[in-house]
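# Understanding the architecture of this molecule
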Amino acid sequence: MTHEPWSKRHKTTFKGVSYSLSNSFAQPLTSEELIDLSLKRGDNEIVAAYYKHSLEYTPNGGSEDLREEISKLYGPNINAENVIVFTGAQVALQTAAMALVGNGGCHSIVFTPGYQSVQEAPLHVGSEVTKIRLRPENDWQIQINEVEQALRDNTKYIVVNEPHNPTGTVMQKETRQQLKEIAEKRGICILSDEVYRLLEHEEKDQFPAMADFYSRGLSCVTLSKPWGGCGITIGWIALQDLDLKQKLWNVQYFGTACPSRASEIQAIMVLRASDVILAKNLKIIRHNKSLVQTFLSNYHQYFEWTPPVSGAIAFVKFKGPLTSEELGEQLAAAGISVKPAYCFGADLIANGCRDYDDYFRIGFGEEIMPKALEALARFVEEHKHTWDI
């Protein structure tokens, strides 16, 4: 088995383009902005700590002050001791898989299309894996009967992505409850990659973190997506079960155990300004989403989507005569970047599955996104005569 990144081809194909619709994060923060936000609320102490902190090792799993700030995002069952900090969510996903199903003889259930590490981290550590396909005709929703059919006696781990990447959808409340009941009955751990949580476009679509919802649930989060703190490189897992946390800590010890103190302090700055940052980012996302809706309405004969309800991403279907890979190559030549279907299920394509060939992901979380959308509209106008049958 090879572990080649599915997005490797994307990075080569779209290298150096002028207009990006590929990015999935909210508007990136700057260090200056974080400092200004801190000073405006009178938090001079955290700014001083940033400029004059020690360069000694931080504790494995993160410093207590950061873990305390993170715990405030959750309910009463999550305190500082229920949080383990990582240098981003990517390493957290791999660590969790190794800790929970890395001893061999275990079975995991994941869902596709999706972010590669969410799907493949259990494979990387030797777990048997069943991939359940999500389908547009079901609005990309998990079908509980398919989960029940996939269960085995040795199923120990279910990994979901909530909100879902690449579609921006969220699980129905009833489905989430049924999934929890299945897991509780069998003692299965559920890890939820929640990197887009807190970016729900409407209050009615907000949902509880898996760490709050289920006693053997794990919530995996990063600062990059909701808050735009990509370069801070801080992520975490929150969970109620301290025995599971110890397993994660044991594995983390042999990887990147200690985040930088500078990153931890910036993370604290972000979390203390969370309400302000999220409000700003949601305003950008809602505005940009309306522009995408107008674009899709104007060119409905060529494109369609299941409207996203969270995050800054959408999975768009091209109804013309090209696959998303072929369309992507033409867009790259025109200086425009999108994420073709192979970025979310290259293994399926390699095995002959063409269910998602027509789909590509766009991101709309940045202030500069409208210019990229305008470039895409120009591209459509220039090429649509070749798509008409």
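Higher on the page you've got the structure.
Structural notes, computed from the coordinates. (Residues numbered from 1 in each chain as written. Predicted model: local features only at pLDDT ≥ 70, side-chain atom pairs only at ≥ 80, totals over all residues. Heavy atoms only, no water.)

## What about helix H8 (residues 173-186)?
Worth spelling out the cut-off: Going along the chain from the N terminus, every DSSP run of H or I of four or more residues is numbered as a helix, and every run of E of two or more is numbered as a strand. What a helix is expected to span follows from its residue count: subtract one and scale by 1.5 Å. Each residue is placed in one exposure class: buried if its accessible area under a 1.4 Å probe, protein chains only, is under 20% of its type's maximum, exposed if it is over 50%, and partly exposed if it falls in between. What the arc describes is the spread of directions from the helix axis to the C-beta atoms. Residue contacts are counted whenever heavy atoms from the two residues lie within 4.5 Å of one another.
Given a rise of 1.5 Å per residue, 14 residues ought to cover 20 Å, and the 21 Å separating the end C-alpha atoms of H8 matches this to within 8%. Among the residues of H8, those classed as buried are Thr 175, Arg 176, Leu 179, Lys 180, Ile 182 and Ala 183. The arc enclosing the buried residues of H8, seen along the axis, measures out at 160°, which places them on a common side. The exposed residues of H8 that point more than 90 degrees off its buried face are Lys 173, Glu 174 and Lys 185. Its buried side turned inward, H8 meets helix H7 (144-150), strand E5 (155-161), strand E6 (189-193) and helix H9 (210-213). Positioned one or two residues after H8, Gly 187 has a phi angle of 70°, which is positive.

## Some thoughts on the pairing of strand E8 (residues 235-239)
The test is simple: In short, DSSP must find at least two bridges between two strands for them to pair.
Counted residue by residue, E8 has five buried out of five residues, so it is predominantly covered. Side chains Gly 235, Ile 237 and Leu 239 project from E8 onto one buried face, and the interleaved Trp 236 and Ala 238 project onto a second face that is buried too. In terms of strand pairing, strand E2 (residues 83-86) meets E8 through four bridges, oriented antiparallel. Opposite Phe 86, over in E8, you have Gly 235 as the bridge partner.

## Let's talk about the nonpolar core
Rules: In this description, a nonpolar core means a group of buried Ala, Val, Leu, Ile, Met, Phe, Trp, Tyr and Cys residues linked to one another through side-chain atoms lying within 4.5 Å.
Of all hydrophobic cores here, the largest spans 97 residues; its most connected members are Phe 111, Leu 223, Trp 227, Trp 236, Phe 295, Phe 303 and Trp 387. Counting residues per element, this core draws most heavily on helix H16 (residues 369-383), which supplies eight residues. Residue contacts for Phe 295: discarding those within four places in its chain leaves Phe 303, Leu 373, Leu 376, Ala 377 and Val 380. Counting 28 residues, the second largest nonpolar core, distinct from the first, contains Ile 84, Phe 86, Ala 97 and Cys 220.

## Some details on the state of the cysteines
What counts here: Note on disulfides: each one is a pair of cysteine sulfur atoms within 2.5 Å.
Counted according to the given criterion, the structure contains zero disulfides. Counting only cysteine sulfurs, Cys 189 is the nearest neighbor of Cys 220, a cysteine outside any disulfide, at a range of 14 Å. Given a relative accessible area of 0%, Cys 220 falls into the buried group.

## Remarks on the packing of aromatic side chains
Put simply, the rule is: Between the rings of Phe, Tyr and Trp (Trp by its six-membered ring), a pair exists once the centres lie within 6.5 Å; its type follows the angle of the planes, with under 30 degrees stacked, over 60 edge-to-face, and the other angles tilted.
Evaluated as defined, the whole model comprises 17 aromatic pairs. Where Phe 303 meets Phe 318, the ring centres are 5.5 Å apart and the plane angle is 45°; that geometry is what we call tilted. Note that Phe 303 is positioned in strand E9 (residues 303-305) and Phe 318 in strand E10 (residues 313-318), a separation of 15 residues in sequence. Given the relative accessible area of 0%, Phe 318 is considered buried. Aromatic pair Phe 315 and Tyr 359: ring centres 5.1 Å apart, planes at 25°, arrangement stacked. Placement of the pair is Phe 315 in strand E10 and Tyr 359 in strand E13 (residues 359-363), with a sequence separation of 44 residues.

## Quick word on the sheet that holds strand E12 (residues 339-340)
Under the convention used in this document: Axis definition: a line fitted to C-alpha atoms, limited for helices to the stretch in contact. Angles are taken between N-to-C directions and run from 0 to 180 degrees.
Pairing is antiparallel in the open sheet, where four strands are placed in the order E9-E10-E13-E12. Both outer strands of the open sheet, E9 and E12, are each paired with one neighbouring strand and no more. Sheet contacts for helix H13 (residues 274-298): E9, E10 and E13; angle to E9, the most-contacted strand, approximately 135°. Along the sheet, helix H14 (residues 324-333) contacts E10, E12 and E13; its crossing angle with E13, the most-contacted strand, is approximately 45°.

## Description of the environment of Ala 80
Looking at the secondary structure, you find Ala 80 in the loop between helix H4 (64-71) and E2. When the C-alpha atoms of Ala 80 and Asp 65 are compared, they prove to be 8.1 Å apart, with 15 residues separating the residues in sequence. Beyond its immediate stretch of four places on either side in the chain, Ala 80 contacts Glu 64, Arg 67, Glu 68 and Ser 71.

## Focus: empty space enclosed by the protein
Basically, it comes down to this: Every definition here rests on a 1 Å grid over the protein atoms only: cavities are sets of points where a 1.4 Å probe fits but cannot get out, pockets are open sets enclosed by protein on both sides within 12 Å along at least five of seven lines, and lining residues have some atom within 4 Å of a point. Grid points are joined across faces, edges and corners, and a volume is the space filled by probe spheres set on the points. Throughout, the ten residues Ala, Val, Leu, Ile, Met, Phe, Trp, Tyr, Cys and Pro are labelled nonpolar, Asp, Glu, Lys and Arg are labelled charged, and all others, Gly among them, are labelled polar.
By the definition in use, this model includes seven cavities of 30 Å³ or more. In this structure, the largest cavity occupies an estimated 160 Å³ of space. As for the largest cavity, its lining consists of 20 residues, of which Phe 111, Leu 134, Ile 142, Asn 161 and His 164 are closest to the centre. Of all elements in the fold, only strand E3 (107-112), helix H6 (116-124) and E5 reach the threshold of two or more residues within the lining of the largest cavity. If one sorts the elements of the lining of the largest cavity by residue count, E5 sits on top with three residues. Classifying every residue of the lining of the largest cavity by side-chain character gives 12 nonpolar, seven polar and one charged.

## Concerning the side chain of Thr 95
Summarising the element assignment, Thr 95 is placed in helix H5 (residues 89-101). Taking relative accessible area as the criterion, Thr 95 reaches 7% and is therefore assigned buried. Those residues in contact with Thr 95 that lie beyond four places of it in its chain are Phe 86, Leu 248, Val 251 and Gln 252.

## Examining H6
Counting buried positions along H6 gives seven out of nine residues, so the element sits mostly inside the fold. When we look at burial in H6, the residues that qualify are Gln 116, Ser 117, Val 118, Gln 119, Glu 120, Ala 121 and Pro 122. Residues of H6 that are buried sit in contact with H5, E3, strand E4 (128-133), E5, E6 and helix H15 (346-350). One or two residues past the end of H6 sits Gly 126, with phi positive at roughly 95°.

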